[in-house]
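# Residue-level structural notes
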Amino acid sequence: MIIGERYQLAPKTLEAIFAALARDGVRVLAPRRVDQHVALLPVKSLAEVALDAVQASGSAKAAVFPPVEQLLSFTGSGQDLRLQDPEPTAPPTVVFGIRPCEARAFKSLQLVFDWDSPDTLFDAHLAMTTVVSLGCTQADEACFCTSVGGGPRDTQGSDLLLQPLQGGGFAADVLTAKGQALLGLAGELLPLGPEGMLEPAPEVEPAFDAARLPEALEAAFDSPVWGEESLRCLGCGTCAFVCPTCSCFDIQDEKRDGGGRRLRCWDSCGLHQFTLHASGHNPRETQGQRWRQRVSHKFLYFPERFSAAACVGCGKCARACPADMSLKEFLRALTRGR
Amino acid sequence: MSRVGVFVCHCGENIGGTVDCAAVAAAAARLPGVVEAVDYKYMCSDPGQNLLKEAVKAKRLDGVVVAACSPRMHEPTFRRATEEAGLNPYQCEMANLREHCSWVHLKADSTTAKAVDLVRLQVEKVKRNKPLHPIRVPVTRRALVLGGGIAGIQAALDIANAGHEVILVEKSPSIGGHMSQLSETFPTLDCSQCILTPRMVEVARHPKVTLYTWSELERLEGFVGNFKATIRKKARKIDESICNGCGVCQQKCPVKKIPDEFNEGLSFRKAIYVPFPQAVPNKPVVDVANCTYYKTGKCKACEKYCDQKAIRLDQQDELVVHEVGAVVLATGFRTMPLERFPEYGYGVFPDVIDGLKFERLASASGPTGGAMKRPSDGRTPQTVVFIACAGSRDAQKGVPYCSKICCMYTAKHAMLYRHKVHGGRAVVFYMDVRAAGKSYDEFVRRAVEEDGVEYVRGRVSRVYQEDGKLVVKGADTLLGGEPVEIRADMVVLATAVQAHADAEPLAQKLHVSYDPYRFFAEAHPKLRPVETNTAGIFLAGACQAPRDIPESVAQASGAAVKVCGLFSQPELCREPVIAVVDRQPPPVFSHCTGCFLCQSACPYQAIEQEEIRSRKGELLKTVARVNPGLCQGCGTCVATCRTKAIDLQGYTNEQVFAEVMSL
Amino acid sequence: MSVRESDLRATAARLLETGSVAVVIGYGAGTLGRRRPVFVRAPAQAGELVFDDECHQNLATYLLKPEIRRLGRPAVVAIPSVLRSLVQLATERQLKDGDVLALVVGDDGVRELADLAAVRQHLAGLPGSLHPAAKTEIARLSAMTAAERRAFWSDELSRCIKCYACRAACPMCYCERCTTECNRPQWIPVASHGLGTLEYHLMRAMHLAGRCVECATCSRACPAGIPVHLLAVFAEESVRRQFGAEAGAAGPAYALSSFRPEDQEGFIR
Amino acid sequence: MSATAPAAGPAAASRFEPRIVAFVCNWCTYAGADLTGTSRIRYQPNVRVIRLPCTGRIDFMLVMTALANGADGVIVSGCHPNDCHYTSGNFHARRRWMVFRDLLDFAGVDVRRVVFSWVSAAEGAKWAELVDKVTDEVRALGPYREIHDLSGTGVG
């Protein structure tokens, strides 16, 4: 199969691919239903995958940037202390059925982890991960991919893009060698002929003009709107934890008699402790300041450094927020100059 | 990095015989933070202690672990040694290699391994020890004695004679208590008044004693050594400083028919009165409830005839405040009201009386001048029945406990009666005779053998009236429950001893615990009988349990000694193992959220509120504070605190956590 | 717009008009068909208030937030769990009696509860337990073997990322410094690994025992859909079962800093 | 846990030796354990005693910490009801354990490994029996891997 080509993928064939992956002991993360809730979890077969969900909660970034990751370990104590680097052996992983918006986030993460010295652990994970995104046939109120340069059929960050065909099966766009290899597990496939009609993609109305954001944010720095809009914010870390692009972490040392280890753990700028100083002073004392930091980081500071927004418009933050904070709604209002 | 020294004691063969002490020391030497680890035959010996002291100096140790016997044995020894070496004594901990290891395990690697663990545990702890300093709280050398009965008087005198000021508070118009009502006292039959009155006068005249009669404790704040007592002086309606106790007011008072409390209602008193002739102070008090003036606004006879012009009918209650360092509770007892015993006919038949009434009848200063005349018609009773345990040892209708004094005073009553009415018949119904005490049993024997008192072992089922006689129906259990019926002229009930009705509110006012019968509870039933669980508050007399006079007096002196002991140092010095609530720099101030859920967990009411205010004085935060004077260091509050804002010095979260993690 | 809603809006407008409160904390329309907290500070704004069966979040949580306190005296739209929160928060001295005006929306209109006495009286008329669904689920789990329960929880908690939304949404988790943030010692590992999550959730449930108002707002807030409320509700139930109904949240005394000498257990040797 | 694992003689070298951590109060159980020593009553060496002033001081998190840190069993022991040196610390502790034990069980933690007891200063023999019994029971249950390994799960 050739990179850049579109192939026909019957459900049976896809199941065969899952079987092959299971056989090779490849970790497959996909949207899976738990009670009424769809989360990104390990799956063994296609049947387990919730293909109908708009978005799974939880972030695919966990595949390359685990919530808890060991950076080093040590044994002994006092004079005879020995450090050990972990071997960067990441498990072969397929992230299956995430939406194109979320797939784009892997690029944004790479920008952070590799901008100065490459993060060997992150890179090892990324190298071992194949991203199979699933083109959208539906969108909800929280979606705003089109406002941040994405779309229901965007290919950026994906190795393979699947799109549902009318009358079943998928169209599979091979985007990278990794995608090629994955599809190869199914043996030879037929290119998709003209008869293969894609399910229509949803209309995702642009909610705001991203180009206007940096300027609008600069202007709004001292505006009361931050405090106003974050009154209902509970100050939990959910938005950052479910965000596919958020990459803040906290370093924790866990010591035990006879040794210990150093861990990298997800962190969130929404939490009061995020900037709390040992003295008790907190430069971001109020939730408004934290909300401002979150938004400005994504649409002002990050673009300044990497000339790309740290947001893919997936809307996971809004869906997960216990107080219904909506980035989309806020940015729409902001750019409409309020 | 800490500089800990570990000293492993062989305790001769006691530890060395089972544990490889050298190996333990060697293992300890490898522990991070340990700069010195040695083993020695006897660490507690002088050379052993010197070894420790030298090492502290030479190796500049900041922590010491002595691996030897139980800390309950030698912790003071080694902490002293540590202190003498110039280190804070609380930088020394002990690993218990003897009681907890060598004495309970066989000689084996596993035993030595355990010893190493125990040492590591203490090393991890001591690394986190902080220098602690004994808690010093000032002591106000002034005592408050509540209750002016014989116990209170005795305690007050003992304390005052030791040179300390005493505030003596009595709620009735005169001190003296129940003892002043008694005729003669067992087992010597000497006159109660004769032995009590001098004491009453002595205490009232004592330069160190401030006496407040007709007064009650309003509230008590503070803690051991530092109480603040507010006393309500009820309005006597006279100016005590002017009144000379001439008694004219009493003569002139028109209100005559008020039952006399002192004589147990056997006589009457006026609306302005002195409770009894030997009262101290000998100053009258106006009975506002019965005084014509307060009912009608007219009369003022007393005021008119008082040539001292001492009457103050508009006088109001007054609150006085005293700082005191200790409190003695001597509030005494009451006898059980007998309404619940209709079968005895008390209150129905005037000639069924209780023990105290009999005391007044027998008393030379009583309404009959000591002549044995029964209440109903003043005739001399020819047959008198005494019923013991009226309410005592009766779980159903009375109290389950023994009132202790009844057996003795019943014997005394029967005797006194026989002395006064030679031909008379005295019958005592009893369950057992409990006459444990110096020359007590002899006394009862005398009643039976010399004074011919008849003792019938059995309970009385019922007392009723029949042609002018009181028929007492009972059974003689010694004769196989054979029914006994005695036609008496008077019946005397030995009513149960009870705590005062207001004992409970008082206990709560003072934060002292009390038993199910509302007697105040001692700190330990055997070893701390005159202390309460509230530091600085002591017990004397029948407010703790039924007591007779010698016991009350002994206990009062005991309480007095405790008070004097407390007053013997300029300040109280206590172990610094107490809880503290953290304080942080602004803007945090304290991690305490001020929920005060810890407050009810504290057995000592040691947790107070502290308001943290800005320089401008505006309230920033209300947080908990542990009163170092009250805290005893149990740490219950620490485990209750969700934010870990409270910690226990000597057993801090960091220390204990480190101990667990070391294993 | 339902009658209840119009009454609520009218009441809110009046209260703000007369200045008897500075803000009305209530529910408004949110995204994805959800309700969101709104903070109405002007009579004209009262139209934002909605009230229906979708209003689940325990709004009492907001009463202690400094940002909200600065707004002035609040009225709060009070579902039963909010009322219980008010009582418990007052017991824990986080609110003073009369600080908050509770608005109970019913078909008979809006009842204004100005003080704790009124709140208690109203609560007395309500069923004691607020979360029957949780009870049945607890019963189901209790019927399992310990091993099965362990499996259940390790599966559920494996999704916990320690975002602390459960804590943030909980009206009783108001501590400025949670045990999880204590690092001297580090009682609970910060990491969201198996130990860090189990210890965190056990600690939280234990700290809610005798304080939990059973609103289940914690599990509704969970982005991973973990039924964390079951632990807290279980602990609360355990307190009531063993120490009597009055020992529970909104009762007279905190069950874990009081005792009865005759407390009965069957496991101490 | 410490590097040196106990082993009761070469014969039982292979036998699993549980780690038992005991949290005891200073006035009753610690003194009771001292009495066991002075009475020379033998018991198994698997227990490590942590001394606290009162059972009221024992934070429930300490029990979790002990298990997580490698203990296979935990003993919590203090004064009998009404004997508490601080009058009511053990009563408060008892309530805490009544709820905590319940909760542990509900969360699927093996409560057979967490033993509560009252051992007075006079019950030296009882302490020995208790330690032996708990040691045998926990030995039968085996190492508490489920909890010991928890900090490994979920680490990428």
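Anything mentioned here points back to the structure above.
In short, a report on the structure. (Residues numbered from 1 in each chain as written. Chains lettered and ligands numbered in written order. Predicted model: local features only at pLDDT ≥ 70, side-chain atom pairs only at ≥ 80, totals over all residues. Heavy atoms only, no water.)

### Focus: the overall build of chain D
We count it as follows: Starting at the N terminus, helices and strands are each numbered in turn, a helix being any DSSP run of H or I of at least four residues and a strand any DSSP run of E of at least two. In this description, contact between two residues means that some pair of their heavy atoms is separated by no more than 4.5 Å. Note that His is not counted, nor are the chain ends; the positive residues are Lys and Arg, and the negative ones are Asp and Glu. Positions of charges follow a simple convention, taking NZ of Lys, CZ of Arg, CG of Asp or CD of Glu.
Counting secondary structure elements, chain D contains five helices and four strands. With the C-alpha coordinates of chain D rotated into their principal frame, the extents come out at 50 × 40 × 20 Å. Of the contacts made within chain D by residues no fewer than 6 positions apart, 81% connect residues no fewer than 24 positions apart. Side chains of chain D give 17 positive and 15 negative charges; the mean places of these two sets differ by 4 Å.

### Here we look at the interface of chain B and chain D
Rules: As used here, buried area is the combined drop in accessible area, with a 1.4 Å probe, of two parts when they are placed together. For this document, the term salt bridge refers to a Lys or Arg side-chain nitrogen within 4 Å of an Asp or Glu carboxyl oxygen. Here a polar contact means two N or O atoms within 3.5 Å. Within protein one must be a hydrogen donor candidate and the other an acceptor candidate, and residues neighboring in sequence count only if both atoms are side-chain atoms.
Contact with chain B, which involves 44 residues of that partner, is made by 48 residues of chain D. Carbon and sulfur atoms supply 58% of the area buried between chain B and chain D, which totals about 3,900 Å² over both sides. Between chain B and chain D we count five salt bridges in total. Salt-bridge contacts for Arg19 of chain D lead to Asp117 of chain B; the nearest nitrogen and oxygen are separated by 2.6 Å. Here chain B is connected to chain D by 19 residue pairs in polar contact (both at pLDDT 80 or more).

### Observations concerning the side chain of Glu5 of chain C
Looking at the element boundaries, Glu5 of chain C is found in helix 1 (residues 3-18). In contact with Glu5 of chain C, other than residues within four places in its own chain, are Leu49, Val50 and Phe51 of chain C.

### Some points on the pattern of salt bridges
Stated formally: Each residue's exposure class comes from its accessible area (1.4 Å probe, protein chains only) as a fraction of the maximum for that residue type: buried when under 20%, exposed when over 50%, partly exposed otherwise.
For the coordinates displayed, the defined rule picks out 93 salt bridges over all chains. When the shortest N-O distance is used, the salt bridge between Glu102 of chain A and Lys316 of chain A registers 3.1 Å. Of this pair, Glu102 of chain A sits in helix 2 (residues 100-113) while Lys316 of chain A sits in helix 9 (residues 316-320), placing them 214 residues apart in sequence. For Lys316 of chain A, a relative accessible area of 4% translates into the label buried. Between Glu165 of chain B and Arg142 of chain B there is a salt bridge, with the nearest N and O atoms lying 2.9 Å from each other. With Glu165 of chain B in strand 7 (residues 165-169) and Arg142 of chain B in strand 6 (residues 142-146), this residue pair connects regions lying 23 residues apart in the sequence. In the salt-bridge network here, residues are joined through shared partners; they are Arg84, Lys135, Glu214, Glu236, Glu237 and Arg240 of chain C.

### Considerations on the pairing of strand 30 (residues 571-574) of chain B
All names here are of chain B. Filter applied, for reference: Any two strands are treated as partners once DSSP identifies two or more bridges connecting them.
Alternating positions in strand 30 separate cleanly, Leu572 and Arg574 being buried on one face and Glu571 and Cys573 remaining unburied on the opposite face. Pairing of strand 5 (residues 135-138) with strand 30 involves four bridges; the strand directions are antiparallel. What sits directly across from Val137, in strand 30, is Leu572.

### Looking at the packing of aromatic side chains
Condition: Between the rings of Phe, Tyr and Trp (Trp by its six-membered ring), a pair exists once the centres lie within 6.5 Å; its type follows the angle of the planes, with under 30 degrees stacked, over 60 edge-to-face, and the other angles tilted.
Enumeration according to the criterion identifies 32 aromatic pairs over all chains in this entry. Measuring from ring centre to ring centre gives 5.4 Å for Phe657 of chain B and Trp187 of chain C, while their planes differ by 75°; the resulting arrangement is edge-to-face. You can see Phe657 of chain B sitting in helix 18 (residues 653-661) and its partner Trp187 of chain C sitting in the loop between helix 8 (165-169) and helix 9 (194-208), one on each of two chains. Look at Trp187 of chain C and you get buried, because its relative accessible area is 2%.

### With respect to the nonpolar core
Selection criterion: The criterion is simple. A nonpolar core is a set of buried Ala, Val, Leu, Ile, Met, Phe, Trp, Tyr and Cys residues joined through side-chain atoms within 4.5 Å.
Residues Phe23 and Trp97 of chain D are the most contacted members of the largest nonpolar core, which totals 259 residues. In terms of nonpolar packing, the next biggest core, distinct from the first, is built from 49 residues, Leu220, Tyr344, Val427 and Phe429 of chain B among them.

### Section: the sheet that holds strand 26 (residues 482-488) of chain B
All names here are of chain B. Basically, it comes down to this: Throughout, an axis means a line fitted to C-alpha atoms (over the contacting stretch in the case of helices), and angles, computed between N-to-C directions, take values from 0 to 180 degrees.
Spatial ordering of the open sheet is given by 24-25-26, a layout of three strands whose pairing is antiparallel. Looking along the sheet, the strands with just one partner apiece sit at the ends: strand 24 (460-466) and strand 26. Averaged over all pairs of adjacent strands, the angle between their axes in this sheet comes to 20°, without regard to strand direction. One ladder, built from seven bridges, connects strand 25 (residues 469-476) with strand 26; its direction is antiparallel. When the bridges of strand 26 are listed, Asp476 appears paired with Glu482.

### Focus: the interface of chain A and chain B
The partner chain B presents eight residues to the eight residues of chain A that form the contact. Interface of chain A and chain B: buried area, both sides summed, is about 490 Å²; carbon and sulfur atoms make up 58% of it. At the surface where chain A touches chain B, the tally comes to zero salt bridges. At the boundary of chain A with chain B, the tally comes to zero residue pairs in polar contact (both at pLDDT 80 or more).

### Remarks on the sheet that holds strand 23 (residues 454-457) of chain B
Residues and elements named next belong to chain B. Judged by pairing direction, the sheet is parallel, and its five strands sit side by side in the order 20-27-21-22-23 without closing on themselves. Strands at the two margins of the open sheet, each flanked by one partner only, are strand 20 (352-354) and strand 23. Pairs of neighbouring strands in the sheet enclose a mean axial angle of 25°, with direction left out of account. Summarising the sheet, strand 21 (residues 383-390) and strand 22 (residues 425-430) pair through five bridges and their orientation is parallel. Across the sheet, residue Phe386 finds its bridge partner in strand 22, namely Val428.

### Observations regarding the environment of Ile150 of chain B
By secondary structure assignment, the location of Ile150 of chain B is in helix 7 (residues 150-161). For Ile150 of chain B, a relative accessible area of 14% translates into the label buried.

### Some words on the environment of Arg136 of chain B
Residue and element names in this part refer to chain B. With respect to the helices and strands, Arg136 occurs in strand 5. Through-space distance from the C-alpha of Arg136 to that of Cys595 is 29 Å; in sequence the pair is 459 residues apart. Ignoring anything within four residues of it in the chain, the contact list for Arg136 reads Glu571, Leu572 and Cys573.

### Points about the state of the cysteines
Note the cut-off: A pair of cysteine sulfur atoms is labelled a disulfide when the two atoms are within 2.5 Å.
Considering all chains together, one arrives at two disulfides over all chains under this definition. For Cys191 of chain B, the disulfide goes to Cys194 of chain B, at an S-S distance of 2.2 Å. Every disulfide takes its handedness from the sign of the S-S torsion; for Cys191 of chain B and Cys194 of chain B that torsion is 95°, giving right-handed. On the accessibility criterion, Cys191 of chain B (23% relative accessible area) is partly exposed. Between the sulfur of Cys28 of chain D and that of Cys79 of chain D lies a disulfide, 2.3 Å long from S to S. Between Cys28 of chain D and Cys79 of chain D, the S-S dihedral sits near 100°, and the bridge is therefore right-handed. Of this pair, Cys28 of chain D sits in the loop between strand 1 (20-25) and helix 1 (29-38) while Cys79 of chain D sits in the loop between strand 3 (73-78) and helix 3 (89-106), and the two are 51 residues apart along the sequence. Cys28 of chain D gets classed as buried once you look at its relative accessible area, which sits at 7%.

### Concerning the side chain of Gln544 of chain B
Residue and element names in this part refer to chain B. Looking at the secondary structure, you find Gln544 in the loop between strand 29 (537-539) and helix 16 (549-567). Accessibility expressed as a relative area gives 6% for Gln544, which makes it buried. Of note is the side chain of Gln544, whose polar atom sits 3.4 Å from the backbone oxygen of Pro529. If we ignore the near neighbours within four places in the chain, the residues touching Gln544 are Phe519, Phe520, Glu522, Pro529, Leu539 and Gln555.

### Here we look at the packing of helix 8 (residues 287-306) of chain A against helix 10 (residues 327-335) of chain A
Residue and element names in this part refer to chain A. Operational definition: Working definition: roughly parallel below 35 degrees, roughly antiparallel above 145 degrees, roughly perpendicular at 65 to 115 degrees, and oblique for all remaining angles. In this classification, the charged set is Asp, Glu, Lys and Arg, the nonpolar set is Ala, Val, Leu, Ile, Met, Phe, Trp, Tyr, Cys and Pro, and all remaining amino acids, among them Gly, are polar.
Their axes nearest at 12 Å, the elements helix 8 and helix 10 cross at an angle of 80°. One element, helix 8, and the other, helix 10, form an angle in the roughly perpendicular class. Touching Trp291, Val295 and Phe299 of helix 8 are Leu327, Phe330 and Leu331, all from helix 10. Here the contact of helix 8 with helix 10 is composed, by residue class, of six nonpolar, no polar and no charged.

### Here's the deal with helix 5 (residues 116-124) of chain C
Residues and elements named next belong to chain C. For clarity, the threshold we go by: Think of it as the arc spanned by the lines of direction from the helix axis to the C-beta atoms.
Those residues of helix 5 lying buried are Leu116, Val119, His122 and Leu123. Viewed end-on, helix 5 has its buried residues packed into an arc of 125°, placing them on one side of the element. Exposed and oriented more than 90 degrees from the buried face of helix 5 are Ala117, Gln121 and Ala124. Buried positions along helix 5 lie against helix 4 (80-91), strand 5 (101-106) and strand 6 (109-113).

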